Amino acid sequence: MKNSVLFGTLAMAGLSAAAASAATLDDVKARGNLNCGVVTGLAGFGAPDANGVWEGFDVDVCRAVAAAIFGDENAVEFVPTTGETRFTALSSGEIDLLARNTTWTFSRDVELKFDFIGVNYYDGQGFLVPTALGVTSAKDLDGATVCIQTGTSTELNLADFFRANNITYQPVAVQTNAEGQQQYLAGACDAYTTDASGLAATRATFEAPDDHVLLPEIISKEPLGPLVRHGDSDWADLNRWVLNALIAAEELGITSANVAEMAAAPTNNPEVNRILGTEGEYGAMLGLEPNWAVAAISAGGNYGEIFERNIGENTPIGLARGLNAQWTDGGLLYTPPFR
Amino acid sequence: MSSMTDSPPRESFRLSQLIYDTRYRSLTIQVFTLVLVCIGIYWLGQNLLTNLASLGLQPNFAFLNSRAGYDITPSIGTWITGYTSAATHWDAALVGVYNTLLVAFLGIILATVLGVIAGVLRLSRNWLVSRMMAVYVEGFRNVPLLLWILLIYSIFSEALPQPRDFREVEGAVSAASMTWGAFAATNRGFYMPAPVWGPGSGVLVAVFVASVVAAVLYRRYARKVLFDTGRMLPMLWPMVVIALLPVIAAYFVLGQPVSLSYPELAGFNFSGGLRVDNALLALWLALSLYTGAFITEIVRAGILSVSKGQTEAASALGMRPNRTMNLVILPQAMRVIIPPLTSQYLNLTKNSSLAIAVGYADVRATLGGISLNQTGRALECMLMLGLLYLALSLAISFVMNLFNASMKLKER
């Protein structure tokens, strides 16, 4: 008797495990919120504010997706992940979407079985050093001690860079950005290396940011983007087109301020109409409400607004658009058309 | 009528006996449980493989032969294996294994020394000494080990000077200076002179080993003389002379083959000499102090388990207190101490996997951390790690069981 109960329980567990990998959108809808993996704390990209509300450039991607699904940008459960835990969290189904300045690489896409849904920040790896060190180039760092977040692609770039330039260094492995910052400020390492955007964000939180300088070398390409698990293309499509909608919205002049007005009635621009659901059935094709993009854009604004509010030139982080400008402005942002 | 010798009727075996006959019932239950357990394990394993297959992942250890691509902080492991970023993930795992072994070995030694001393002192009749030991035990036993590791590590990195503070500035006193020109404590590690083995140093080492053996043999001889005749030969100074004199003589005869290299500030860091990483030191100290606190209590329990009559008997024979402790109490206490001590050694070894918190490249950090992350082979890496720690623990248990057997009460 007891044994049959045991088997029943085991069989049920097996069935629910099998069902979990089916349709992520249905699971998310049934749960009532999106589980979004974010960084453990990187100013401007993803960090809780004084009231514990998560905000940042990557966090806004999560919010836009949640808004597109539920019409509520707060229907997100943020799961902080480290460079080491993020992939396990995603492949185990603990999170539905990972928006955590993660570099799109071949092995992560193909071997680790993930789908990158696009690039939300074109970055490169840089070095941060104290001005007092008198170093002007990364090639002057022969023999230096370098703090590096373990389990990242930057770790491999660092090894390759020093090897290619025939200079040596001592790595100090740190787990999180906060730990790297603490070690760097204590002088336990001469230089701190990670994505240049992350370095700028970290430097912005220093007491005296001007005492530290970013070296001119960018030693790698780091296209950072959100990603989902392999095996559910519908879910990947949904996330990809929410991100595309944010980028297209900037290109087409849709902002959080005028989106409601533009969505009220069809405009002269058919592409705007298709995005905002006043023409065609694009929402239904994604399994969403017709006004999915309106909700996503209302949540945090278009791509440009999200950028300016979190990491733009008027924030302490002060990043220029650079490569992340629209293609019409000489940048790399170029969405496929909505048609 | 012929009388028949009735042998009891031989009943044929019936299936119901398996349940109703007490002779077979326990066997039935055991077989049934074993089958259930096997089915359960098979079911779980099958489930895992099916789920992995549905994700398109098959267990595969080929990644061990691919290029690791990351660098590891210089440590004993990289020194032994000559690891560079061009080596394979397997080599990186080996580096980790060596580093784990080093910190476990050092930790076990220091924890034992600390534990035995503190355990004896805790029973001291001196109020201050016994209270101080109590504070040590309670302080370390009741705070998570991870906090101690992080605390010690951050004391090192925050409080000690940076290497560039050692730089000599014209017309000013530099912020820090080396001790005797040979030792430097920095927030990146401790630097000290390292021996440089020149030609002929092999002979010197051989002489050293031989003279240590000779010293031990002399000790045996002196004990034998003592037990056989009651005559007490001097012990300490002849042993020191036997151990050291030939080595010193050989050192000069061979033309000073071993010299010292001193650490010197060069560029960003000290170069030359021996560098002991702060991460290793913090981990070693924290592990030893933490486990030492538990060993203290084990030692105390062991000593208290020896009946007071033993002490009194030893005093009656005119033995001094420290001899009583060393020759009468501790040998008997060992029998109580060793089994729980073994489990503390196992704990220490497994707790060394907390190294990841301070970036010490143990096997959990290389194979189970960076390699796992770069290759995504979580199942394989965790399986290997599990087997490794299992093997390590079984080896420690084996050695400790041998030790236990040698300390057991020998009946004559």
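Every residue gets a number counted from 1 within its own chain, in the order that chain's sequence is written. To label them, take the chains in the order written and letter them from A, then take the ligands in the order written and number them from 1. Whole-chain, interface and lining totals are the exception, using all residues; otherwise, since this is a predicted model, local features are given only for residues with pLDDT of at least 70 and side-chain atom pairs are given and counted only at 80 or more. The basis for every side-chain value is the complete set of non-hydrogen atoms in the structure, without hydrogens or water.

This part takes up the interface of chain B and chain A. Counting from both sides, the interface comprises 41 residues of chain B and, opposite them, 43 residues of chain A. By convention, the term buried area covers the 1.4 Å-probe accessible surface removed from two parts as they join, with the contributions of both added. At the boundary of chain B with chain A, total buried surface from both sides reaches about 3,400 Å², with 50% on carbon and sulfur atoms. It is F268, N373 and Q374 of chain B in chain B that bury the most area against chain A; as a group they hold 20% of the surface buried on that side. Definition used for salt bridges: Asp or Glu carboxyl oxygen within 4 Å of a side-chain nitrogen of Lys or Arg. Applying the counting rule to chain B against chain A returns two salt bridges. In what follows, a contact means two residues having at least one pair of non-hydrogen atoms within 4.5 Å.

Right, let's talk about the UniProt feature "domain: Solute-binding protein family 3/N-terminal" (unreviewed entry) in chain A for a bit. Mapped onto this numbering, the UniProt entry gives "domain: Solute-binding protein family 3/N-terminal" (unreviewed entry) at residues 33-262 of chain A. Secondary structure is summarised from DSSP: a helix means a run of H or I of at least four residues, a strand means a run of E of at least two, and numbering begins at the N terminus for each. Split by type, residues 33-262 of chain A is 35% helix and 27% strand. Its first and last C-alpha atoms lie 28 Å apart. UniProt positions are given in the numbering used here, feature names are shortened, and annotations may be inferred rather than shown by experiment.

Residues and elements named next belong to chain A. An automatic or database domain assignment supplies the start and end points of every domain. Looking at the assigned domains, one finds that chain A contains domain 1 (23-122 + 223-329) and domain 2 (125-220). Just the C-alpha atoms count here: the centres of domain 1 and domain 2 sit 29 Å apart. Tallying the contact residues gives 18 residues for domain 1 and 16 residues for domain 2. Of the roughly 1,100 Å² buried between domain 1 and domain 2, counting both surfaces, carbon and sulfur atoms make up 57%. The largest contributions to the domain 1 side of the interface with domain 2 come from L42, E84 and I317, which together make up 31% of the buried area. Run the count over domain 1 and domain 2 and you get zero salt bridges. Polar contact is the term for a pair of N or O atoms within 3.5 Å; when the atoms are in protein, one must be able to donate a hydrogen and the other to accept it, and sequence-neighboring residues count only if both atoms are side-chain atoms. Our enumeration of links across domain 1 and domain 2 arrives at one residue pair in polar contact (both at pLDDT 80 or more). The element best represented in the side of domain 1 that touches domain 2 is strand β5 (residues 97-103), accounting for three residues. For the side of domain 1 that touches domain 2, the per-class residue count stands at eight nonpolar, six polar and four charged. Residues are grouped as follows: nonpolar covers Ala, Val, Leu, Ile, Met, Phe, Trp, Tyr, Cys and Pro; charged covers Asp, Glu, Lys and Arg; every other residue, Gly included, is treated as polar.

Our next topic: the state of the cysteines. When the sulfur atoms of two cysteines share a covalent bond, that bond is a disulfide. Residues and elements named next belong to chain A. Throughout, a disulfide means two cysteine sulfur atoms within 2.5 Å of one another. The full count for this structure, using the stated rule, is two disulfides over all chains. Across the disulfide from C36 sits C62; the S-S distance is 2.0 Å. Residues C36 and C62 share a disulfide whose torsion about the S-S bond is about -60°; that sign makes it left-handed. With a gap of 26 residues between them, C36 in strand β1 (residues 34-39) and C62 in helix α3 (residues 57-70) connect regions that are remote in the sequence. C62 matches C36 in its accessibility class, with the two residues each being buried. Here C147 connects covalently by a disulfide to C189, the sulfurs 2.0 Å from one another. Per-residue accessibility, obtained with a 1.4 Å probe over protein chains only, is compared with the maximum for each type, and a residue is labelled buried under 20%, exposed over 50%, and partly exposed between these values.

Residues and elements named next belong to chain A. The span you would expect from a helix comes to 1.5 Å times its residue count less one. In this model helix α9 (residues 233-252) runs 27 Å from its N-terminal to its C-terminal C-alpha over 20 residues, within 8% of the 28 Å that 1.5 Å per residue would give. Among the residues of α9, W235, A236, L238, N239, V242, L243, N244, A245, L246, I247, A248 and A249 are the ones counted as buried. Phi turns positive one or two residues past the end of α9, at G253, with a value near 80°.

Another point: the sheet that holds strand β11 (residues 191-195) of chain A. All names here are of chain A. Only strands joined by at least two bridges in the DSSP assignment are considered to pair. Reading across the sheet, the five strands line up as β10-β9-β11-β8-β12 and stay open at both edges, with mixed pairing between neighbours. This sheet does not close on itself; its edge strands, each paired only once, are β10 (169-174) and β12 (212-214). The sheet shows a mean angle of 30° between the axes of neighbouring strands, direction not considered. As defined by bridge partners, strand β8 (residues 125-130) adjoins β11 across four bridges and the pair is classed as antiparallel. Bridged to F127 within β11 is T193. Every axis in this analysis is a line fitted to C-alpha atoms, fitted for helices over the stretch in contact. Angles between the N-to-C directions lie between 0 and 180 degrees. With respect to the sheet, helix α7 (residues 177-185) is in contact with β8, β9 (144-149), β10, β11 and β12, its orientation differing from that of β11 by roughly 155°.

All names here are of chain A. The backbone phi angle of K113 is positive, close to 65°, even though this residue is not glycine. Locating K113 in the fold gives a position in the loop between α5 (106-111) and β6 (114-116). A positive phi is found at N166, a non-glycine position, where the angle reads about 60°. Locating N166 in the fold gives a position in the loop between α6 (153-164) and β10.

This paragraph deals with the sheet that holds strand β7 (residues 274-277) of chain B. Sheets are built from strands that pair by backbone hydrogen bonding, the pairs being arranged parallel or antiparallel. Residues and elements named next belong to chain B. Spatially, three strands are ordered β1-β2-β7 in an open sheet, and the strand pairing comes out antiparallel. Two strands close off the open sheet at either side, each with one partner strand: β1 (184-186) and β7. When the angles between neighbouring strand axes are averaged without regard to direction, this sheet yields 15°. Against the sheet, helix α9 (residues 278-305) contacts β1, β2 (189-192) and β7, and its axis sits at roughly 55° relative to β7.

Right, let's get into the confidence of the model for chain A. Low pLDDT means the predicted coordinates in that region are not meant to be read closely. All names here are of chain A. For chain A, the mean per-residue pLDDT works out to 88, and 94% of the residues sit at or above 70. At the low end of the mean pLDDT range in chain A sits helix α1 (residues 2-20), at 44; at the high end sits α3, at 95. pLDDT runs from 0 to 100 and stands for how confident the predictor is about each residue. Ignoring residues within four places in sequence, the model shows residues 1-21, a span with pLDDT below 50, making ten contacts including any to other chains.

Bringing the UniProt feature "transmembrane region" (unreviewed entry) in chain B into the picture now. Residues and elements named next belong to chain B. UniProt records the feature "transmembrane region" (unreviewed entry) for residues 24-45, 101-121, 133-156, 196-218, 239-259, 279-303 and 382-403 in the present numbering. Taken end to end, residues 24-45 comprises 100% helix and 0% strand; its first and last C-alpha atoms sit 32 Å apart. Overall, residues 382-403 shows 100% helix and 0% strand. The separation of its end C-alpha atoms is 31 Å.

It is worth spelling out the packing of aromatic side chains at this point. Residues and elements named next belong to chain A. In this analysis, rings of Phe, Tyr and Trp, with Trp reduced to its six-membered ring, are considered paired at centre separations within 6.5 Å, and the interplanar angle assigns stacked below 30 degrees, edge-to-face beyond 60, and tilted for intermediate values. Tallied over the entire structure, the rule returns 25 aromatic pairs over all chains. When the ring of W104 is compared with that of F116, the centres are 5.4 Å apart and the planes differ by 10°; the resulting orientation is stacked. Of this pair, W104 sits in the loop between β5 and α5 while F116 is found in strand β6, placing the two residues twelve residues apart along the sequence. Judged by centre distance (4.5 Å) and plane angle (40°), the rings of F162 and Y169 are tilted.

Following the criterion strictly, the structure yields 13 salt bridges over all chains and no others. Between D60 of chain A and R309 of chain A there is a salt bridge; the shortest N-O distance is 2.5 Å. Placement of D60 of chain A in helix α3 and of R309 of chain A in helix α14 (residues 303-310) is noted, with a sequence separation of 249 residues between them. Across the pair E297 of chain B and R122 of chain B runs a salt bridge whose closest N-O atoms are separated by 2.5 Å. Here E297 of chain B, found in helix α9, pairs with R122 of chain B, found in helix α4 (residues 89-122); they are 175 residues apart in sequence, far enough to count as distant. Each member of the pair, E297 of chain B together with R122 of chain B, is buried.

Moving on, we get to the nonpolar core. Side-chain atoms within 4.5 Å link the members of a nonpolar core, which is a set of buried Ala, Val, Leu, Ile, Met, Phe, Trp, Tyr and Cys residues. By size, the foremost hydrophobic cluster in this structure holds 61 residues, and its most contacted members are L34, L276 and W292 of chain A. Other than its neighbours up to four places away in sequence, W292 of chain A contacts A68, W241, V242, A245, I275, Y282, G283, L286 and F338 of chain A. In this structure, Y192 of chain A together with A111, F140 and V358 of chain B belong to the second largest nonpolar core, which totals 53 residues.

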